[in-house]
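If you want the building blocks of each chain, they are given just below.
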Amino acid sequence: MTHPTAQNNLLLDIRQLIAHAQQRAAAAVNAELTLLYWQIGKRIQHEVLQGQRAEYGKQMITKLAEQLTTDYGKGWSEKQLRHCLRLAEVFADEVIFSTVRRKLGWSHIKMLLSLDDPLKRDFYIEIAHLEGWSSRQLQNRIQSMLYERTAISKKPKETIQQDLVALRSEGKFSPDFAFRDPYLLDFLGLADTYSEKDLESSILAEMQRFITELGSDFAFMARQKRITLDQRDYYIDLLFYHRRLKCLVAIDLKIGEFEAAYKGQMELYLRYLEKYEQLDGENTPIGLILCTGKNQEHVELLQLDQSNIRVADYLTLLPPKEVLVAKLHRSIEMARQRLGQVDEV
């Protein structure tokens, strides 16, 4: 007679085998459908180019949608055929498209078709694949303007391309992919006035959502991490570990604008972590100072990058979408202008 425990283990193993097979089958079907949509888009594109008239193309797609719906039922609307056409336009190279469809499903790819900036699109392709985002998560990241808030977007276009290629081909993950500015902390529900303790307590209460905003590779380690130097105690507000960067990340929470003195405080934390907490094989710790404002000239003159320190704003109340969009685009433009001036020198 089979022991109940053995029977349960057998059932569990078979369930897992079935679930994995179903997942593989669904992924294979999804990839084939995406390929079909691309092939249809290519064929329509060829026909439209032959016609060389926008009105001809519109009429042709409308008629084709009616015929396909009659033949195959729902799923072949004019809108769907336009998605197919756009798919073929965006991913004109078959080799590049084949790589993309192996990484992401049709629902992800369809969402990315609306992005006109190729660098932004490539960023979301790589990070969505890397972090295993669902289509809903991808939609939320795009709506929150993750790319524009990530440090990589403020680099010269050539640098962005190089870092994306390094991530895609070598798995090399730049810190510029991991850190953002500003961080959107509206989910904390803080009142108009609050203290650093209130901010920290709210983050701890909403740790899962905070990590979602930070990035899924951040692992929480400690709050108010005590370090003792020369019989004096200091406290790091929040301590994380970043899996891909393989380093500790110390976060200092500040109310108000960034001040020069914050640099010395964070440097002390980082040097201590490097000496006493960093393990063999880990990279040098990184510091992140979160504040409600910063003077860019202060940040530049203090040469924080050389100290492995990053400064970012955080927003507990979101401004209107158009204000946030304008602010992010302006910060990207200013950052690239500064880098351009450095390059010229």
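On a predicted model such as this, the values are computed, not experimentally measured, just so you know. (Residues numbered from 1 in each chain as written. Predicted model: local features only at pLDDT ≥ 70, side-chain atom pairs only at ≥ 80, totals over all residues. Heavy atoms only, no water.)

**Some details on the overall build of the protein**
Each helix and strand in the protein was counted, giving 15 helices and six strands. Judged by the C-alpha coordinates and their principal axes, the protein covers about 80 × 75 × 40 Å. For the protein, the proportion of its 345 residues judged to be buried stands at 41%. When contacts within the protein are restricted to residue pairs at least 6 apart in sequence, those whose partners lie at least 24 apart make up 62%. (Helix = DSSP H or I, 4+ residues; strand = E, 2+ residues; numbered from the N terminus. Buried < 20%, exposed > 50% of the residue type's maximum accessible area, 1.4 Å probe, protein only. Contact = heavy atoms within 4.5 Å.)

**Remarks on the environment of Ser-98**
Its place among the elements puts Ser-98 in helix α4 (residues 94-103). Take Ser-98: its relative accessible area is 18%, and that puts it in the buried class. When the C-alpha positions of Ser-98 and Trp-38 are compared, they lie 10.0 Å apart, and in sequence the two are 60 residues distant.

**Things to note about the side chain of Thr-150**
One can find Thr-150 in the loop between α8 (146-149) and α9 (157-170). Those residues in contact with Thr-150 that lie beyond four places of it in its chain are Phe-123, Asp-176, Phe-177, Phe-179 and Arg-180.

**Focus: the sheet that holds strand β4 (residues 247-253)**
One open sheet holds the six strands; their spatial order is β1-β6-β5-β4-β3-β2, and the pairing between them is mixed. In this open sheet, the two edge strands, each paired with only one partner strand, are β1 (183-184) and β2 (218-229). As paired strands, β4 and strand β5 (residues 286-291) are joined by five bridges and run parallel to one another. If you follow Ala-250 over to β5, its bridge partner there is Gly-287. Taken strand by strand, helix α11 (residues 196-205) contacts β2, β3 (232-242), β4 and β6 (309-315), and its axis lies near 145 degrees from that of β2. Packing of helix α13 (residues 261-277) onto the sheet brings it into contact with β2, β3, β4, β5 and β6, and relative to β4 it is tilted by some 150 degrees. (Pairing = 2+ DSSP bridges. Axes fitted to C-alpha atoms, helices over the stretch in contact; angles between N-to-C directions.)

**Describing the environment of Gly-264**
With respect to the helices and strands, the residue Gly-264 is situated in helix α13. Take Gly-264: its relative accessible area is 38%, and that puts it in the partly exposed class. The sequence separation of Gly-264 and Ser-307 amounts to 43 residues, and the corresponding C-alpha distance is 9.8 Å.

**Here's the deal with the environment of Ser-114**
Counting through the fold element by element, Ser-114 comes out in the loop between α5 (106-112) and α6 (118-131). Taking the relative accessible area as the measure of exposure, Ser-114 reaches 58% and is therefore exposed. In sequence terms Ser-114 and Glu-274 are 160 residues apart; their C-alpha atoms lie 44 Å from each other. In this structure the side chain of Ser-114 is engaged in a polar contact, spanning 3.1 Å, whose partner is the backbone oxygen of Met-111. (Polar contact = N/O pair within 3.5 Å; in protein donor to acceptor, adjacent residues only side chain to side chain.)

**A word on the pattern of salt bridges**
Under the defined criterion, the tally for this structure stands at 18 salt bridges. The shortest N-O distance in the salt bridge between Arg-149 and Glu-213 comes to 2.6 Å. Highlighted residues: Arg-149 in helix α8 and Glu-213 in helix α12 (residues 207-214), separated in sequence by 64 residues. With its nearest N and O atoms 3.0 Å apart, the salt bridge here joins Glu-200 to Arg-223. Note that Glu-200 is positioned in helix α11 and Arg-223 in strand β2, a separation of 23 residues in sequence. Taken together, the shared-partner salt bridges in this structure form one network comprising Lys-103, Glu-126 and Arg-168. (Salt bridge = Lys/Arg side-chain N within 4 Å of Asp/Glu carboxyl O.)

**Concerning the packing of aromatic side chains**
For the structure on display, the rule yields 14 aromatic pairs. Ring centres of Phe-220 and Phe-240 lie 5.5 Å apart, and the angle between their planes is 65 degrees; this geometry places the pair in the edge-to-face category. Here Phe-220 is found in strand β2, whereas its partner Phe-240 is found in strand β3, with 20 residues between them in sequence. Among the residues examined, Phe-240 registers a relative accessible area of 0% and is labelled buried. Considering the side-chain rings of Phe-258 and Tyr-262, the 5.8 Å spacing of their centres and the 75 degrees angle between planes classify their relative orientation as edge-to-face. This pair shows no difference in class: Phe-258 is buried, exactly as Tyr-262 is. (Phe/Tyr/Trp six-rings, centres within 6.5 Å; stacked < 30°, edge-to-face > 60°.)

**Observations concerning helix α3 (residues 78-90)**
Between its terminal C-alpha atoms α3 stretches 18 Å, which fits the 18 Å expected from 13 residues at 1.5 Å a residue. For α3, the complete set of buried residues consists of Gln-80, Leu-81, Cys-84, Leu-85, Leu-87, Ala-88 and Val-90. (Expected span 1.5 Å × (residues − 1).)

**Some words on α11**
Think of an α-helix as 3.6 residues a turn; residues three or four steps apart then line up on the same face. Those residues of α11 that sit buried are Leu-199, Glu-200, Ser-202 and Ile-203. Relative to the axis of α11, the buried residues are bounded by an arc of 165 degrees and lie together on one face. Away from its buried face, by an angle of more than 90 degrees, α11 presents the exposed residues Lys-197 and Ala-205. Buried-residue contacts for α11 involve α12, β2, β3, β4 and β6. (Arc of directions from axis to C-beta.)

**Topic: a nonpolar patch on the surface**
Among the surface-exposed residues, Leu-10, Ile-14, Leu-17 and Ile-18 lie close enough to one another that they form a single nonpolar patch of about 380 Å² accessible area. Here Ile-18 lies in helix α1 (residues 4-51). Judged by relative accessible area, which is 46%, Ile-18 ranks as partly exposed. (Patch = residues over 30% accessible without salt bridge, like charges linked within 9 Å, V, L, I, M, F, W, Y side chains within 5 Å. Areas by Shrake-Rupley, 256 points an atom, 1.4 Å probe, with all protein chains shown as cover.)

**Here we look at the pairing of β3**
By the bridge criterion, 10 bridges tie β2 to β3 in an arrangement that is antiparallel. Its bridge partner lying in β3, Lys-225 is registered against Ile-236. If you look at the hairpin formed by β2 and β3, you'll find two residues sitting between the two strands, and Asp-230 has a positive phi there, around 50 degrees. Two strands pair when backbone bridges link them, and β3 and β4 are joined in this way by five bridges, in the antiparallel orientation. Note on β4: the bridge partner recorded for Phe-240 is Val-249. Taking the residues between adjacent antiparallel strands as the criterion, β3 and β4 are bridged by four residues, where Lys-246 takes a positive phi near 55 degrees.

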